[in-house]
Amino acid sequence: MSVTDELKAAVQAQTNKSGDAGHPMEDFLRMDRIPHIWCPTCGIGVVVNCFARALEKIGIPLDDVAVVSGIGCTGRVAGYVKIDSFHTTHGRAIPFATGLKLGNPKLKVVVISGDGDLVSIGGNHFVHAARRNVDITVICVNNFNYAMTGGQMAATSPTDSILTTSPYGNFETPFNLPFLAESVGATYVARWTALHIHRQTEAMIDALTKPGFTFVEILAPCPTIFERRNKFGDGLDRLNYYYEHSEIKHGEPTANVDVGLRTKIIVGKFVDKDRPTWLDSMNSHLKRKLGDRFTPYEG
Amino acid sequence: MRIREHKKPFGFEKPSRPHGKIIIIDERCKGCGFCVEYCPQDVLELSERFNKKGYHPPEAVNDHACVNCGFCRMICPEFAIYTVEDEPVIG
Amino acid sequence: MKADPKGVMTGAHYLDGDHACCEGALAAGCRFISGYPITPSTEVVERFASRIPIVGGVFIQMEDELASSIALQGAVWAGKKAMTVTSGPGFSLMMEHIGLAAMTECPCVFVNVQRGGPSTGLPTQPAQADMMQARWGSHGDYEIIALSPSSPQECFDFMIDAFNISEKYRVPVMFMMDECVGHMIERVSIPEADQIEITERNYTKLPPGEYLPFKPAENMVPEMCKVGDGHRIHVTGLTHDYRGYPAMNPEAQEEQVGRIVRKIRDQADDIVRYEEFDVEDADVVVISYGITHRVAVQAVRAARDKGIKVGMMRLIIVWPFPEKRIAELAEQGKALVMAELNYGQVFFEVDRCAKGKVPVILAGHGGGTVHETDYIVSKIEEAYQCR
């Protein structure tokens, strides 16, 4: 019996003993893959919890949902959720999701991936999917670094943060993701931290139910690298930091919501607007131009 | 309002509040302490015991105070703790 | 199953290879293209963009080839037949996703209208120098299938084959055209829809819970499902087990990667396709494919006129390579001339299979135009003298 099997058996025994239906996440997760690979006090598991809760609250059948991830720590989310899920190549979750959504518009397609994956290597796709307003939801877990590869500087690392490829501190200017998302056309933009479980769940519900390219950024602790190297302590200390330094400002102009290394963190719902989605635009435009010759596309 | 003039709520000698039974799956826990720190009712503490991986899972030291809010379940990154509805607590 | 008449433009048309390729795809049931403009392939997507709103489907012009080569895979998992179209530099960018398609056994078609390279090279002029890249371009071990048409009619016909083969083997198929074929206008005869045989995707009939997306079934090829069918599959580019779950060990690597290689190599006899003429009595056989085949035919005739007994072998499916046939020809003592628009790519395969038994001569050419007939004739003469 391997160590993992032993642990699973122990968990099973204990779950049976409790005499109830088991952990509410068990229907949502591929339990044969739990425990997951994320470090103690990592925030990604919290985001998975909230995502599951959001889907549950919306009441959408899970067969109609697909999760697409790229590569990285957050890229592993696709492997743990028990719904149709794709663990694609580095940076290309969004174009894969675009194809999936356009291939079958009845699906609810959600991209859950990290900051490095979505806005660095995948930055171009992020920009264009938002510009086109493809009807997908993007949940970006931002831990300010490339964690899976050992903590390199990322496009989101605050100036002065110490990481393995910025050993003397980062001298670049990081992306302000809500600002980026808004300026390229996202219809919904919100930011919360891993600590804001109810707020982030609500934001996910908003994003999932709103047509168009919707974007939720979740700031999450990376205890092993970012927090340790930048003397934030562990993930719990970082949650406490979020607790003390977060300020909720709904509707704040996104240009003002940069995250510095030790500045306050502006969270909230920043953008909520309506624009026709790519598919709606295609159907209405071609109908207008081609009349009866056009075959409306429904998947 | 007139209702405020009543000393007690209508119909209840003693008000009841929800109560949750806390279930901790020890072997999944990585001892992060999120649930302990952020339980709104201060129900939990990290225990002295170790699980198989060498972490200290939490334990309910103030079981009675749990109101089944589910915060611990949501904040747990390991899917290792949850609450189920129990008999309401009177008074 | 027969083709959907909506996508079949029955009749005789004058089309260039790119347009014929697009019509072939539509006839084959392709209803999704994610593309990015690049000379000399752009006409394929231009035609698709104008035709698909009427046929019913989606064309999306992506932001780059990285995106277009993975968006189509999303569409495939959603249940569509899909392809993307590109040329040299774009093909280079697509390499990672050819590997993903091979690893996740995603049936789809990559069209490469080859131009002179490397780098930006000769955007408006032909070459056949991406043949090895088509086979080996992505990292790691995998096998693909590659077809090479030599006329607009074949662009149409072979495109249907390309989609059918990709479904049969759950493999990405490379459609290796070249600028000359792509821009050459000829008569293309498109049959009635009920004359076109279509291989449908082999969707599983197993209920959710029992279906395993990577468990080999008939021909070592797993059955497919589509997103939304309730199977709740997981698909990853990591080495995975039958369930699709990541499995980081040598046994899983052997099981999965070994199989995606073996499903093509072990069944190569069923897949390889070539045509021959005048080979029976020949002392020399010219081997070629794509546009070069048409020049080689001229050269073979010219050499016959000079009294050299020369035959012709033309590769329709270049990968997997007809190793056994080449070995047979070598066994029979026929000298081999490989004519291709590069400085030697498929040539080395021919040379490998001949095992030194006969002279193997390269009639290479850097591209930019097609071979001169006389040049191939001179190589035939050289081979004739060497034997």
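The rules behind each value
Residues numbered from 1 in each chain as written. Chains lettered and ligands numbered in written order. Predicted model: local features only at pLDDT ≥ 70, side-chain atom pairs only at ≥ 80, totals over all residues. Heavy atoms only, no water. 1 Å grid on protein atoms, 1.4 Å probe; cavity = no way out; pocket = protein on both sides within 12 Å on 5 of 7 lines; lining within 4 Å. Points joined across faces, edges and corners; volume = space filled by probe spheres on them. Helix = DSSP H or I, 4+ residues; strand = E, 2+ residues; numbered from the N terminus. Nonpolar A, V, L, I, M, F, W, Y, C, P; charged D, E, K, R; others polar. Patch = residues over 30% accessible without salt bridge, like charges linked within 9 Å, V, L, I, M, F, W, Y side chains within 5 Å. Areas by Shrake-Rupley, 256 points an atom, 1.4 Å probe, with all protein chains shown as cover. Salt bridge = Lys/Arg side-chain N within 4 Å of Asp/Glu carboxyl O. Lys, Arg positive; Asp, Glu negative; His and termini not counted. Charge placed at Lys NZ, Arg CZ, Asp CG, Glu CD. Buried < 20%, exposed > 50% of the residue type's maximum accessible area, 1.4 Å probe, protein only. Pairing = 2+ DSSP bridges. Axes fitted to C-alpha atoms, helices over the stretch in contact; angles between N-to-C directions. Contact = heavy atoms within 4.5 Å. Buried area = accessible area lost by both parts, 1.4 Å probe. Right-handed = clockwise from strand over helix to strand, strands pointing away.

Asker: Is there a simple way to explain the layout of surface pockets in this structure?
Answerer: Residues and elements named next belong to chain C. A volume near 520 Å³ is recorded for the largest pocket. Looking at the largest pocket, it is lined by 29 residues, and the ones nearest its centre are Gly29, Arg31, Gly79, Lys80 and Lys81. Considering each element in turn, the lining of the largest pocket owes the most residues, 3 residues, to helix α1 (residues 17–28). A per-class count over the lining of the largest pocket returns 11 nonpolar, 8 polar and 10 charged. Here the second largest pocket is characterised by a volume of approximately 410 Å³. Contributing to the lining of the second largest pocket are 22 residues, with Gly99, Leu100, Met103, His139 and Gly237 lying nearest its centre. Counting only elements with at least two residues in the lining of the second largest pocket, the list comes to α4 (88–103) and α8 (250–265). A total of 5 residues in the lining of the second largest pocket trace back to one element, the largest contributor, which is α4.

Asker: What is the right way to look at a negative patch on the surface in this model?
Answerer: All names here are of chain B. The grouping of Asp63, Glu85, Asp86 and Glu87 at the surface amounts to a negative patch. By secondary structure assignment, the location of Glu85 is in strand β4 (residues 81–90). By relative accessible area, Glu85 is classed as exposed at 67%.

Asker: Is there a simple way to think about the sheet that holds strand β10 (residues 234–236) of chain C in this case?
Answerer: Strand pairing in a sheet relies on backbone hydrogen bonds, with the paired strands running either antiparallel or parallel. In spatial order, the strands read β9(A)-β10(A)-β7(A)-β8(A)-β4(A)-β3(A)-β1(A)-β2(A)-β10(C); together these 9 strands make up an open sheet with mixed pairing. Of all the strands in the sheet, the pair left with one neighbour each is β9 (246–248) of chain A together with β10 of chain C. Across the sheet, the axes of successive neighbouring strands diverge by a mean angle of 20°, strand direction being ignored. Alignment of strand β3 (residues 108–114) of chain A against strand β4 (residues 137–142) of chain A, held across 5 bridges, turns out to be parallel. Note that in β4 of chain A the partner of Ser113 of chain A across the bridge is Cys140 of chain A.

Asker: Hey, could you run me through the pattern of salt bridges in this one?
Answerer: When the charged atoms of two side chains lie near each other, side chains of opposite charge can form a pair. All names here are of chain C. Counted under the stated rule, the structure contains 45 salt bridges over all chains. One salt bridge connects Arg31 with Asp4, and the closest N-O pair in it is separated by 3.3 Å. Taken together, the residues Arg31 in strand β2 (residues 30–35) and Asp4 in the segment before β1 (11–16) connect sequence positions 27 residues apart. By relative accessible area, Arg31 is classed as buried at 10%. Salt bridges linked by common partners bring Arg135, Glu143, Arg265, Glu323, Glu349 and Arg352 together as one network.

Asker: I tried to follow the interface of chain B and chain A on my own but got confused; where do I start?
Answerer: How big an interface is tends to be expressed through the accessible area that disappears when the partners come together. In this assembly, 28 residues from chain B lie in contact with 41 residues from chain A. Taken together, the two surfaces of chain B and chain A that pack against each other cover about 3000 Å², and 66% of this comes from carbon and sulfur. Summed over the shared surface of chain B and chain A, the number is 1 salt bridge. Here Arg28 of chain B makes a salt bridge to Glu26 of chain A, at a shortest N to O gap of 3.3 Å.

Asker: Please explain the environment of Cys386 of chain C as it appears in this structure.
Answerer: All names here are of chain C. Relative to the elements of secondary structure, Cys386 occurs in helix α13 (residues 373–386). In sequence terms Cys386 and Phe158 are 228 residues apart; their C-alpha atoms lie 36 Å from each other. With sequence-adjacent residues up to four places away left out, Cys386 is seen in contact with Pro359 and Ile361.

Asker: In this structure, what is going on with the pairing of strand β15 (residues 360–363) of chain C? I would like to understand it.
Answerer: Working note: regular strand, side chains alternate between the two faces of the sheet. Residues and elements named next belong to chain C. Examined bridge by bridge, strand β14 (residues 335–339) and β15 share 4 bridges and lie parallel to one another. Residue pairing in the sheet places Ala339 in a bridge with Ala363 of β15. Read as a crossover between parallel neighbours, the route from β14 over helix α12 (residues 346–354) to β15 is right-handed.

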